[in-house]
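# Summary of structural features
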Amino acid sequence: MHNRTPMLAALALCSLLLTGCAGTAASVGVAPAPASDATSQPAAHGGHHDGGTSSPRTSANGPSDAAKMVCGDQPMDRLTAILRLEEDPHTVNSWADSTFTCTYHLAEGALEISVKEAAGQAAAMKYFDAMQALAKDARPIQGLANLGFPAYETADGTAVFQKDNFVLQVDASGLPATLGPDAITRNALAYQLSTTILACWVEHH
């Protein structure tokens, strides 16, 4: 994928860091959902389990500001720019089982971005490993393209990254194989949105 060459990935991150990510989550409302920390393994497509307090700061009463960035201005602006949308797509978000999920409703289908807030980095890594083991056709994102974080993608358009106590999943599997006037693949879209969010996290860490 030329969209994920190491040099372009590094340049994209540098560019994003320069643009800034301030104030992206302040206005994001969260739909209430009953919390349940009973399950211990993720579902095959990124289910949810135990959570807790770590850095970035998490809250039992809701997602951290960093998690809410997945429904903020930066990924929205990136998405509308990539697909050349005339208006922002409608979004719905929720908080359950220590996971903040933002669903973007596009004309072609739903794009789902979720962040699992684990009890700490070790717990996040264990969750990430379980997700990768359960994912169909998972392949590691390697070299500079992973920006120094554990990461993998699936053939159907999902990208997953682990950073600190977070596991970020961008699921574009509900979208067509290619989208927009430039016919970007759903894998490339998932990757570019992932790096946009990671850049915001790096800036605010």
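Located above this text is the structure these notes cover.
Presented here is a report on the structure given in the accompanying data block. It should be emphasised that the depicted structure is a prediction, and the values quoted were computed from it without experimental measurement.

In this section: unusual backbone geometry. In this model, Asp-97 sits at a positive phi of 55 degrees, which is unusual for a non-glycine residue. Along the polypeptide, Asp-97 turns up in the loop between β1 (90-96) and β2 (99-106). Of note, Asp-164 is a non-glycine position whose phi angle comes to about 55 degrees, a positive value. Counting through the fold element by element, Asp-164 comes out in the loop between β6 (158-163) and β7 (166-171).

Moving on to the pattern of salt bridges. Side-chain pairs of opposite charge can arise where the charged atoms are in close proximity. Tallied over the entire structure, the rule returns 4 salt bridges. The partner of Arg-139 in a salt bridge is Glu-153, with the nearest N and O atoms 3.2 Å apart. Taken together, the residues span a long stretch of sequence, with Arg-139 in strand β4 (residues 139-140) and Glu-153 in strand β5 (residues 151-154) at a distance of 14 residues. We classify Arg-139 as partly exposed; its relative accessible area is 34%.

Applying the stated criterion across every chain yields a total of 3 aromatic pairs. Centre to centre, the rings of Phe-161 and Tyr-191 are 6.3 Å apart; their planes meet at 45 degrees, and the pair counts as tilted. Here Phe-161 is found in strand β6, whereas its partner Tyr-191 is found in helix α5 (residues 186-204), with 30 residues between them in sequence. Judged by relative accessible area, which is 0%, Phe-161 ranks as buried. Judged by its relative accessible area of 2%, Tyr-191 falls in the buried class. Residues Phe-166 and Trp-201 carry aromatic rings whose centres are separated by 4.7 Å and whose planes lie at 55 degrees to one another, so their mutual orientation is tilted.

So, about the sheet that holds strand β3 (residues 109-117). Pairing is antiparallel in the open sheet, where 7 strands are placed in the order β1-β2-β3-β7-β6-β5-β4. Edge positions in the sheet fall to β1 and β4, since each has one partner strand and no second. Across the face of the sheet, helix α3 (residues 73-83) comes into contact with β1, β2 and β3 while running at roughly 30 degrees to β2. On the sheet, helix α4 (residues 121-134) packs against β3, β4, β5, β6 and β7 and is oriented at approximately 160 degrees with respect to β6.

What follows is about a negative patch on the surface. Judged by side-chain charge, Asp-73, Asp-77, Glu-86, Glu-87 and Asp-88 come together as a negatively charged surface patch. Within the secondary structure, Glu-87 sits in the loop between α3 and β1. You can call Glu-87 exposed: its relative accessible area is 64%.

This part takes up α3. Residues Gln-74, Pro-75, Met-76, Leu-79, Thr-80, Ile-82 and Leu-83 constitute the buried set of α3. Directly after α3, the chain includes Arg-84, whose backbone phi takes a positive value near 55 degrees.

So, how was this worked out
- Residues numbered from 1 in each chain as written.
- Predicted model: local features only at pLDDT ≥ 70, side-chain atom pairs only at ≥ 80, totals over all residues.
- Heavy atoms only, no water.
- Helix = DSSP H or I, 4+ residues; strand = E, 2+ residues; numbered from the N terminus.
- Salt bridge = Lys/Arg side-chain N within 4 Å of Asp/Glu carboxyl O.
- Buried < 20%, exposed > 50% of the residue type's maximum accessible area, 1.4 Å probe, protein only.
- Phe/Tyr/Trp six-rings, centres within 6.5 Å; stacked < 30°, edge-to-face > 60°.
- Pairing = 2+ DSSP bridges.
- Contact = heavy atoms within 4.5 Å.
- Axes fitted to C-alpha atoms, helices over the stretch in contact; angles between N-to-C directions.
- Patch = residues over 30% accessible without salt bridge, like charges linked within 9 Å, V, L, I, M, F, W, Y side chains within 5 Å.
- Areas by Shrake-Rupley, 256 points an atom, 1.4 Å probe, with all protein chains shown as cover.
- Lys, Arg positive; Asp, Glu negative; His and termini not counted.
- Charge placed at Lys NZ, Arg CZ, Asp CG, Glu CD.

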